[in-house]
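Secondary and tertiary structure notes
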Amino acid sequence: MEKKILIIEDEKEIAQLYAKRLKDKGYELALAHDGLEGLNKLNGFKPDLILLDLNMPNMGGLEFYQHICDPQGKPKYPVLVLTGRADLELLFLEFHVDGFIIKPFEGSRLLNEVEIILNKQYWKKTDGNAKKVIIVDDDYASAKKIQTAFTNAGYKTDTASGGISGIEKIMNDSPDLALVKLGLADLSGDIVILRLQQIAKTRKTSSLLYIPKDYDIDKIVLDKMASKSGVTALVETSDPIDLINAAVKIFKKLEGSL
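Nothing here was measured: the structure is a model prediction, and the numbers come from that model. All residue numbers refer to positions counted from 1 along the written sequence of the respective chain. It should be noted that, the model being predicted, local features are given only for residues of pLDDT at least 70 and side-chain atom pairs only at 80 or more, the latter also being counted only at that level, while totals for whole chains, interfaces and linings use all residues. Working from all heavy atoms in the structure, the side-chain values ignore hydrogens and water.

**Structural notes on the sheet that holds strand S6 (residues 132–136)**
Here, a strand pair is defined by DSSP locating no fewer than two bridges between the strands. Under the DSSP-based scheme used, a helix requires at least four consecutive residues in state H or I and a strand at least two consecutive residues in state E, with every element numbered from the N terminus. Pairing is parallel in the open sheet, where 5 strands are placed in the order S7-S6-S8-S9-S10. The outermost strands of the open sheet, each flanked by one partner alone, are strand S7 (156–160) and strand S10 (233–235). Between one strand and the next, the sheet's axes are offset by a mean angle of 20 degrees, whatever the strand orientation. The pairing of S6 with strand S8 (residues 177–181) spans 4 bridges and is parallel. Note that in S8 the partner of Val 136 across the bridge is Val 180. Note on geometry: axes are lines fitted to C-alpha atoms, helical ones only across the stretch in contact, with angles between N-to-C directions running from 0 to 180 degrees.

Written out as structure tokens, the structure reads:
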């Protein structure tokens, strides 16, 4: 069955742009131009995901969100917040939204985020529990941003602020995936993964080595480094959405669906 998406956006041209991109991907859509109209749409349309703008007339996104939450404060539907208000991101981290994108953004970013939210089976183990990801990154802001994205996507997450502490954490509580930055100050990310491969307890832990785009390294050297250390996958980005997509590819391959 086609996945259903409700778009709540007061700027009609923008709403139509979202709708076209999503319709081209096979989604069934309904549109509303304020929160009140969005609530009315829910009477006959049960979405798998709601794209929610915040600043709207009649009823804003925050009030709409409160209307669709149960007594415990959890929304009855997955919600992806789309807004130009970057200052509200921390507020929504305290809510149970599935994603938050700051306008303006590329159309591909929207499609990626929607796909991530609608394919949450790749965030769960066979017993139904969330898969665990440990992020090893000595840049606090970067690590927090990545952790937030993975947590919102349904993963259980933890962070380590360096290579040595990352090895210790992974040994103590083996995750389903170790997400390791290459350019760590104390111990290079590829060496972290190599050492994990040399330890019996962590040898089977999947690893994703990521390299920020501004990190200067030759591609041939990079490939040899990844091959030598036993990296499961390597990506040249630190963008959280790209990292989530790379993680999904790893889990799909492990589950035989890729």
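**Some points on the sheet that holds strand S3 (residues 49–53)**
A sheet is described by the order of its strands in space; here 5 strands give the open sequence S2-S1-S3-S4-S5, paired in parallel fashion. Each having just a single partner strand, strand S2 (28–32) and strand S5 (99–102) make up the two edges of the open sheet. The sheet shows a mean angle of 15 degrees between the axes of neighbouring strands, direction not considered. Pairing geometry for strand S4 (residues 79–83) and S5, over 4 bridges, is parallel.

**So, unusual backbone geometry**
What is expected of a backbone is that most residues other than glycine have negative phi and most peptide bonds are trans. The residue Asn 58 is not glycine, and still its phi comes out positive at about 65 degrees. Within the secondary structure layout, Asn 58 lies in the loop between S3 and helix H3 (61–67). A relative accessible area of 67% means that Asn 58 is categorised as exposed. Categorising residues by exposure relies on relative accessible area from a 1.4 Å probe, with only protein chains included: less than 20% of the type maximum marks a residue as buried, more than 50% marks it as exposed, and the intermediate range marks it as partly exposed.

**Some points on the environment of Phe 45**
Positionally, Phe 45 belongs in the loop between helix H2 (35–41) and S3. Spatially, the C-alpha atoms of Phe 45 and Leu 6 are 8.1 Å apart, while their sequence positions differ by 39 residues. Setting aside its immediate chain neighbours within four residues, Phe 45 contacts Lys 4, Ile 5, Leu 6, Glu 28, Leu 29 and Ala 30. Should any heavy atoms of two residues lie within 4.5 Å, those residues are counted as being in contact.

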